[in-house]
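Understanding the architecture of this molecule
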Amino acid sequence: MARRRATVVGAGHTRFGVLPDGPRALMRQAVDAAFRSVDRGVDRSRVEEAFLGTLGFSGWQLGNASAALAEEARIGHAPVTRVENACASAGFALRSGVRAIESGARDVVLVVGLEKMTDSPSAHRRYWLGVSGDTEWERLAGLTFAGVYALMASAHMAAHGTPPEALAAVAVKNHANGTKNPNAQFQKVITREQVLAAPRVADPLGLLDCCPVSDGAVALILAGDDMARTLTDTPVAVVGAGAGADALALQERDSLTQLAATRVAAAEAFRHAPFDRTGVQFLEVHDCFTIAELLALEDLGFADPGGAAAMTLEGATALGGRLPVNPDGGLKAKGHPIGASGASQAYEAFVQLRGAAGARQVVGAERALTHNVGGSGASATVTLFERM
Amino acid sequence: MPVAVLHASVARPSGRLGPLAVEAPDEDVFTLAVAAAEALPPESRPVTRVDLVGEFPPESEWEILEALGTPEASVHRSPPGAAHLLETLRSHPDTPAAGVRLVLAGDVSALGPGNRLEHGALAVAFRLGDGPGLSFSSIASHATSPATPSARLRLPAAHGAEPTPLLLLGSEARVASAARDAGGLGYAPGIVPHAPPGTGPAPSTPTAVALRAAPPGEGGPIEFVLAALGADRDVYAYGRSTGRVAWSEALSSATVALAAPPVRDTPADLDLRAEGAYVPRPRYVENLPSRWRLLADHCGACGHRTFPSRGSCQACGSAEVAPEPLSRVGWIVEAVTTVRPGAQPTEFDRTVGLAGAYSVVVARSPEGPRATFQVAGPSGTVALGASVVPVLRRLYPMEGEWRYGRKAISGPNSSG
Ligand SMILES: [Zn+2]
């Protein structure tokens, strides 16, 4: 008998950006939208369990945020577990929901990713932007994430001759995609020259190499594949759910130019999948900084080490290219509400594979990969989706 | 055998204000004293006693033992001043033949009326023990005047037979005064460069002056070591050797040009607290063997070095590990960035406010493990592949005290 699979039958996404709404309102909007999106409807009483991915940025309800989701989702007394793996919180929350369904323990599960970041004063934000990095060595050396990714970029440039233009090309492409996504924080095309001339944040990364600080929430409704068609005609199956971990600090890792957590997660995701890398039609990768998208292409196995720069510069990753990457604008242009990003990637897979992505539709897409990274690579998930 | 000064060293701060070497924002008397002690040549005998001469911070007793890795030694304090330094050097407690004693003296820059700098900062380290070295049997101290107390050499009637170099360190005015005094005793003034060529800007006025005695006769080599501290804000001290002392200097190659006199801490400065990424004091203290002394676990089973030290091997899990410090020289930069204002964690707002952007590196030790270091001094001065040296500096204040750690400066073999 075939292994039971989880499917996505509904998904809701707030706008990402600087929003007036608080965290409770954001969760409520995303969950309501997710329930509305289920074609034949599903009663909230059928949700048996929920998983909430959030960092708890700025300290709002740092403990027990799950209870706030239980209230706002109006799912009665169904258990809710908060999952915290930094920027990969929702990727891991999704994986927990998928496993609950695959195991047969649950039939309907709600997964929510949330972060409210822009309501804190800037100094308070800077406290929080580094809390998921290594505290005792990297933070005490004066690093936040921009600095840590900049260190990796410098090593990648030294090892492979990666040109600054390749980093800039990632930002240019993702901003172009963002203009086609009504939920994206940035709706503005930028040029390579603007990226290269932007003020430096942590060399070699400039302001336009970095994702913004964002608010937003995303909700996904999962159901077993044996019952999915009673809820919708076009469920999207999760056919691979891999994850990996690594040391917290760069200094402890085998390589400064590869994320072992991503490589391990990809290997696990593909192990039992019905297709290999050649079957993947687009990627949603964790581009918190432009260098991260190049690392992702190489670690996921879609480019050789050092090969992602050329692939990007020749346009292969653009919408309409050989392998579109981040058609929704990515974290870079869509925004990066930390705990919501992994769920947002799954949302994009859901709407793309149902052919509902509008102006950014990847033509004929039936199979997708999403990739969510926690911290500077301390954790990662890789999830494979296929239209049923 | 009489206890003698076996080795001596001086550490100058990396900040420059006009002609004076002054402490950079991340330096103080503690970091300078550690730098002076680390500049001493290797010594296999254990340290049994440490004397601190000067205004050391409150926690310095245990901190200095932690930094030096000499937990068994006793620590004694003396007030600042050359007279106290001489007194401390001359008082020979019973040092076991198997051990040595360290005398560390230091001072930060003195600010006079109107925040005007009167002299720069300095630290010296003396290693005392059995063996051939500098004996203090002929030292005398003498106050030149009640208003300007100082220590001064009184030459014996038949004082040696070789050229006798003296080194005066201290404020320009006081060194000039000392030179006049010594000139009356037959010494001729000369000039010692402020820093070795190529390691920093040449000051327009020397802050150190060497005096050399006219050779009065023949005999074995006799060196003279003389240290003048700005310790009681404007004094010097010197002494006469009956042997040879190895003298070394610890010089920072990351020179910081300061626009204003060194900042003095206020209680409010030390009250800064980080909200996120909090490091409670016990966690800070727990990591000091690795953070300060670069202690790694060397595995007896597989040879792997685990850094920071964890008490067992990260590669094979064996508990048969020997704690061994990694080298303090020859770290190679494998990744580098410059963190620009606005991208720093809030704990480093003060660093950015005083110095602007700073660089951070991941560097690999000669033994293999990597570490992450902020670069001390100006940003953008350390390149990929460069050799760096981890030196002890202030990081930031937390829980009312300065937290210290290693930062990187350009190493001796670095092209940058
Ligand atoms: Zn081992």
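Just so it is clear, the model here is predicted, and its values are computed rather than measured. The numbering scheme is per chain: residues are counted from 1 as the chain's sequence reads. Numbering of ligands from 1 and lettering of chains from A proceed in the order in which they are written. A pLDDT threshold of at least 70 governs which residues receive local features in this predicted model, and a stricter bar of 80 or more applies before side-chain atom pairs are shown or counted, although totals over entire chains, interfaces and linings include all residues. Excluding hydrogens and water, the side-chain values take into account all heavy atoms of the structure.

**What to know about the coordination of the zinc ion**
Residue and element names in this part refer to chain B. For the zinc ion, every protein donor is listed as C299 (SG), C302 (SG), C313 (SG) and C316 (SG), and the spread of their distances is 2.3 Å. Only nitrogen, oxygen and sulfur atoms qualify as donors, and only when within 2.8 Å of the metal (3.2 Å in the case of Na, K and Ca); with water excluded, sites may look incomplete. For the zinc ion, the single-chain donor residues occur in sequence as C-x2-C-x10-C-x2-C. Of the two residues, C299 is situated in strand β15 (residues 295-299) and C313 in the loop between β16 (305-306) and β17 (321-325); the sequence distance between them amounts to 14 residues. Relative accessibility under 20% of the residue-type maximum defines a buried residue, over 50% an exposed one, and the middle range a partly exposed one, all with a 1.4 Å probe and only protein chains included. Owing to a relative accessible area of 4%, C299 belongs among the buried residues under this scheme. On the accessibility criterion, C313 (4% relative accessible area) is buried. Every helix listed is a DSSP run of H or I at least four residues long, and every strand listed is a run of E at least two residues long, numbered separately from the N terminus.

**Comments concerning the interface of chain B and chain A**
Residue contacts follow a heavy-atom distance rule, with two residues in contact if any of their heavy atoms lie within 4.5 Å. Opposite the 41 residues of chain B that make contact, chain A presents 32 residues. Together chain B and chain A conceal approximately 3,200 Å² of surface at their shared face, both sides included; 56% is due to carbon and sulfur atoms. The working definition used for a salt bridge is a side-chain nitrogen of Lys or Arg within 4 Å of a carboxyl oxygen of Asp or Glu. Along the contact surface separating chain B from chain A lie three salt bridges. A salt bridge links R310 of chain B to E252 of chain A; the nearest nitrogen and oxygen atoms lie 3.4 Å apart. Throughout this description, a polar contact denotes any pair of N or O atoms lying within 3.5 Å of each other; where both atoms belong to protein, one of them has to be capable of donating a hydrogen while the other can accept it, and for residues adjacent in sequence the pair is counted only when both atoms sit in side chains. Seen at the junction of chain B and chain A, the total is 17 residue pairs in polar contact (both at pLDDT 80 or more). Among the elements of the structure, α7 (288-293), β18 (331-339), β19 (358-364), β20 (370-375) and β21 (387-398) of chain B are those that each provide at least two residues to the side of chain B that touches chain A. Ranked by residue count, the leading element in the side of chain B that touches chain A is β18 of chain B, at six residues. Residue composition of the side of chain B that touches chain A, grouped by class: 21 nonpolar, ten polar and ten charged. Summed over both partners, the accessible area lost on bringing two parts together, with a 1.4 Å probe, is the buried area. For this classification, Asp, Glu, Lys and Arg are treated as charged, while Ala, Val, Leu, Ile, Met, Phe, Trp, Tyr, Cys and Pro are nonpolar and the rest, including Gly, are polar.

**Examining helix α12 (residues 341-353) of chain A**
Residues and elements named next belong to chain A. Relative to the 18 Å expected for 13 residues at 1.5 Å per residue, α12 spans 18 Å between its end C-alpha atoms, a close match to the ideal helical length. Counting buried residues along α12, 13 of its 13 residues qualify, which places the element largely inside the surrounding structure. Where α12 ends, the next residue or the one after it, G355, has phi of about 70 degrees, a positive value. In a helix, the anticipated span is given by 1.5 Å times the number of residues less one.

**So, the packing of aromatic side chains**
Here the aromatic set is Phe, Tyr and Trp, taking the six-membered ring for Trp, and pairing holds for ring centres within 6.5 Å; pairs whose planes are under 30 degrees apart are stacked, those over 60 apart are edge-to-face, and all others are tilted. All told, the structure shown has eleven aromatic pairs over all chains when counted by the stated rule. One aromatic cluster is present, formed by F30, W62, Y284, W292 and Y404 of chain B through successive ring pairs. Here, a charge over a ring is recorded when the distance from Lys NZ or Arg CZ to the ring centre is within 6 Å and its angle to the ring normal is within 35 degrees. A cation over an aromatic ring shows up here: R291 of chain B above the ring of W137 of chain A, its NZ or CZ 4.5 Å from the ring centre. One Lys or Arg, R403 of chain B, reaches over the ring of Y284 of chain B and ends 4.6 Å from the middle of that ring.

**A look at the sheet that holds β16 of chain B**
Ordered by their spatial adjacency, three strands build an open sheet running β16-β15-β17 (chain B), and the pairing between neighbours is antiparallel. Edge positions in the open sheet fall to β16 and β17 of chain B, since each of these has one partner strand only. In short, DSSP must find at least two bridges between two strands for them to pair.

**Things to note about helix α3 (residues 89-102) of chain A**
All names here are of chain A. For α3, built from 14 residues, the straight-helix expectation of 20 Å at 1.5 Å per residue is met to within 8% by its first-to-last C-alpha distance of 20 Å. Counting buried positions over the 14 residues of α3 gives eleven, a clear majority of the element. Within α3 the residues assigned to the buried category are S89, A90, G91, F92, A93, L94, G97, V98, A100, I101 and E102. Looking one or two residues past α3, G104 carries a phi angle of roughly 90 degrees, positive in sign.

**Here we look at the sheet that holds strand β3 (residues 20-22) of chain B**
All names here are of chain B. Read from one edge to the other, the open sheet built from three strands follows the order β3-β2-β14, with strand pairing classed as mixed. Of all strands in the sheet, those with a lone pairing partner are β3 and β14 (256-257), marking the two edges. Across three bridges, the pairing between strand β2 (residues 15-17) and β3 is antiparallel. Directly across from R16, in β3, lies its bridge partner A21.

**Notes on the domain arrangement of chain B**
Residue and element names in this part refer to chain B. Here the domain parsing of chain B yields domain 1 (3-249) and domain 2 (273-410). Each partner contributes residues to the interface: domain 1 has 17 residues there, and domain 2 has 16 residues. Buried area between domain 1 and domain 2, both sides added, is near 1,500 Å², and the carbon and sulfur share of it is 52%. Remark: the boundary between domain 1 and domain 2 carries eight salt bridges. The shortest N-O distance in the salt bridge between E38 and R328 comes to 3.5 Å. If you look at where domain 1 meets domain 2, you find ten residue pairs in polar contact (both at pLDDT 80 or more). Domain start and stop points were drawn from an automatic or database domain assignment.

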